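# Descriptive structure summary
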Amino acid sequence: MKVTCPYCYEIFDSKDVMLRCRRCPEEEDNVYFAYWEKVDSENANKMQRHAYHIRHRFLRKDDMSCDVCGSKDYDYICPSCHNELPAKMVEDGAEIISVIGGPNSGKTHYIIALLYELRKHGYEIGLDATLEQVGEDKNWHTDEMYRKAIRTLNTNHEVLQKTAQKSISLPWIIRLDSTDPKKNERQDPKKSIYLVFYDTAGESFEDNKQIQANAQYLRQSKAVIVLFDTTSIPAIKDILLQKNEELGRSDADRDDFDITWNTLKRFVIDNEAVKNKPVAFVLSKFDVVLKYHERLGFDCSSFLSPSGLVDKSYINGLNVFDMNQIKDAHDAIASSMREWDMGAYPKEFKTIFPIGRFFGMSAIGSKPNGSIITTNSIRPYRVMDPLLWTMAKIGGFAFETINDDTPKK
């Protein structure tokens with residue numbers, strides 16, 4: 001069984017995974033140090049507990065005990081970078097959904113809002129999210145980074161700082177376990193999948209080395225969620241400028257949408273295996289479109305109802321994910337993009353992204369006033385739709401779906 005390391009992107013056979021003893025005294029681990037020196041050179045620690053290989057026995061059970069102290073208390077680590085790997089990922093295999101995004105697309109806000117919604121509403125469709133730990137320093141732990149981000153957003157009412165460019169980035173690794181939402185008792189998950197998100201600066205989409213580094217991981221992913229900055233669409237940008245609203249970007253003249261799309265297009269052309277994967281194209285900051293839908297000529301019937309926002313396509317009293325609503329939202333966005341002189345993108349779906357859909361979501365729920373969030377807390381809007389759609393396309397999860405999401409011709 002093949003395993004792709006979510007840190008260094010290397011692929012290895014599960015039988016070649018290495019182990020780190022939990023009992024041995026610390027010793028120098030130059031492989032581990034070489035990786036972390038690129039991430040956080042000031043805090044990278046060379047001293048780690050003993051790492052060793054599994055001793056495979058012919059016609060006998062493999063020996064997993066430490067080759068120094070004999071202990072059978074260990075963690076799995078990647079043979080290429082010596083970072084700790086989730087046991088379930090190694091033992092049961094891992095289906096992975098990757099989350100990427102271009103410049104100023106709000107990737108960090110999205111992943112925080114998605115976790116926020118999964119923790120509040122995931123149980124309604126039988127999803128349980130577990131944040132896997134990352135690195136030895138507690139400040140790098142995924143749950144600690146999440147708590148800090150939520151405090152910034154909901155307590156300090158401030159947007160998160162723009163991700164800095166760096167040579168290597170840490171993954172957020174989130175395990176999603178699917179169980180039957182209609183059963184209240186504790187149960188074993190029907191199926192698990194890993195959501196892997198790289199909090200890289202969006203400008204990495206213009207960095208050929210970074211693109212190549214991510215290429216291998218995208219090839220191994222079962223599906224991809226990619227974020228676009230809605231405010232970089234010229235028709236929307238013009239309205240915001242006319243209204244004297246800040247674009248919230250350091251360089252308002254750059255066409256960030258084009259950068260992301262063209263990079264993905266080149267990537268798919270060079271990597272045919274990606275072509276038939278489910279790809280969710282997510283327009284972030286979509287609250288701007290809903291606010292000015294009349295001026296934009298946008299049919300918002302799949303997003304708004306007489307009673308207000310249709311903010312969760314899976315809350316319908318039946319614990320069922322409404323795929324028909326996904327189709328309607330995709331059709332509305334694709335149709336409007338033609339009106340916004342962005343028609344080339346929907347046209348390319350058939351040939352380049354045959355299993356691709358447009359989504360509109362807002363991580364915060366409304367446009368901030370500069371760096372200040374004017375509401376008491378974030379109000380995520382349709383952030384789970386892309387994830388649930390990709391999971392439905394992959395199949396095998398416990399939550400139910402209704403209708404079809406085949407888009408209009």
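Residues numbered from 1 in each chain as written. Predicted model: local features only at pLDDT ≥ 70, side-chain atom pairs only at ≥ 80, totals over all residues. Heavy atoms only, no water.

Here we come to the packing of helix H7 (residues 256–270) against helix H11 (residues 344–352). Following both chains from N to C, one finds H7 and H11 inclined at 15°, their axes separated by 12 Å at the closest point. One way to sum up the angle between H7 and H11 is to call them roughly parallel. Once H7 is placed against H11, the crossing between them reads as left-handed. Across the interface between the two elements, Phe257, Asp258, Trp261, Lys265 and Val268 from H7 touch Tyr345, Glu348, Phe349 and Ile352 from H11. A class-by-class count of the residues in the contact of H7 with H11 yields six nonpolar, no polar and three charged. (Axes fitted to C-alpha atoms, helices over the stretch in contact; angles between N-to-C directions. Helix = DSSP H or I, 4+ residues; strand = E, 2+ residues; numbered from the N terminus. Parallel < 35°, antiparallel > 145°, perpendicular 65-115°, else oblique. Left-handed = near helix turned anticlockwise from the far one by under 90°. Contact = heavy atoms within 4.5 Å. Nonpolar A, V, L, I, M, F, W, Y, C, P; charged D, E, K, R; others polar.)

In this section: the confidence of the model for the protein chain. When pLDDT is averaged along the protein chain, the result is 81; 81% of the residues meet or exceed 70. Averaged pLDDT values for the elements of the protein chain fall to 63 in helix H5 (residues 208–220) and rise to 97 in strand E6 (residues 51–53). In the model, residues 249–254 has pLDDT below 50 throughout and makes 15 contacts with residues more than four positions away in sequence or in other chains. (pLDDT = per-residue confidence, 0-100.)

Another point: helix H12 (residues 385–394). The α-helix advances 3.6 residues per turn, and as a result positions three or four apart in sequence lie on the same side. Within H12, eight of the ten residues are buried, which leaves the element mostly enclosed by the surrounding structure. Listing the buried residues of H12 in full gives Asp385, Pro386, Leu387, Leu388, Trp389, Thr390, Met391 and Ile394. The positive-phi residue at the C-terminal boundary of H12 is Gly395, with phi of around 85°. (Buried < 20%, exposed > 50% of the residue type's maximum accessible area, 1.4 Å probe, protein only.)

The subject of this paragraph is the environment of His82. Inspection of the secondary structure puts His82 in the loop between strand E7 (74–77) and strand E8 (84–85). Along the sequence, His82 and Val31 sit 51 residues apart, while their C-alpha atoms lie 6.4 Å from each other. Excluding its chain neighbours within four sequence positions, the residues that come into contact with His82 are Met18, Arg20, Asp29, Val31, Tyr32, Ala51 and Ile77.

Taking strand neighbours across the sheet as the criterion, the four strands line up as E6-E3-E7-E8 in an open arrangement whose pairing is antiparallel. This sheet does not close on itself; its edge strands, each paired only once, are E6 and E8. When strand E3 (residues 18–21) meets E6, the two strands line up antiparallel, connected through three bridges. Paired with Leu19 across the strands is Tyr52, a residue of E6. (Pairing = 2+ DSSP bridges.)

Here His157, not a glycine, exhibits a phi torsion of approximately 55°, which is positive. With respect to the secondary-structure elements, His157 resides in the loop between helix H4 (142–155) and strand E11 (171–178). For Asp341, which is not glycine, the phi torsion reads 60° and is therefore positive. Residue classification places Asp341 among the exposed positions, given a relative accessible area of 73%.

Turning to the side chain of Arg20, a few remarks are in order. Tracing the backbone shows Arg20 in strand E3. With a relative accessible area of 10%, Arg20 lands in the buried category. A polar contact is formed between the side chain of Arg20 and the backbone oxygen of His82, at a distance of 3.1 Å. With sequence-adjacent residues up to four places away left out, Arg20 is seen in contact with Asp29, Tyr32, Gln48, Arg49, His50, Ala51, Tyr52, Asp73, Tyr74, Asp75, Ile77 and His82. (Polar contact = N/O pair within 3.5 Å; in protein donor to acceptor, adjacent residues only side chain to side chain.)

Bringing the packing of helix H3 (residues 107–121) against H4 into the picture now. Viewed as axis vectors pointing N to C, H3 and H4 meet at an angle of 95°, and their least axial separation amounts to 10 Å. Judged on the interaxial angle alone, H4 and H3 are roughly perpendicular. Facing H3, whose interface residues are His109, Ile112, Leu115, Tyr116 and Arg119, H4 presents Tyr146, Ala149, Ile150, Leu153 and Asn154. When grouped by side-chain class, the residues that make up the contact of H3 with H4 number seven nonpolar, two polar and one charged.

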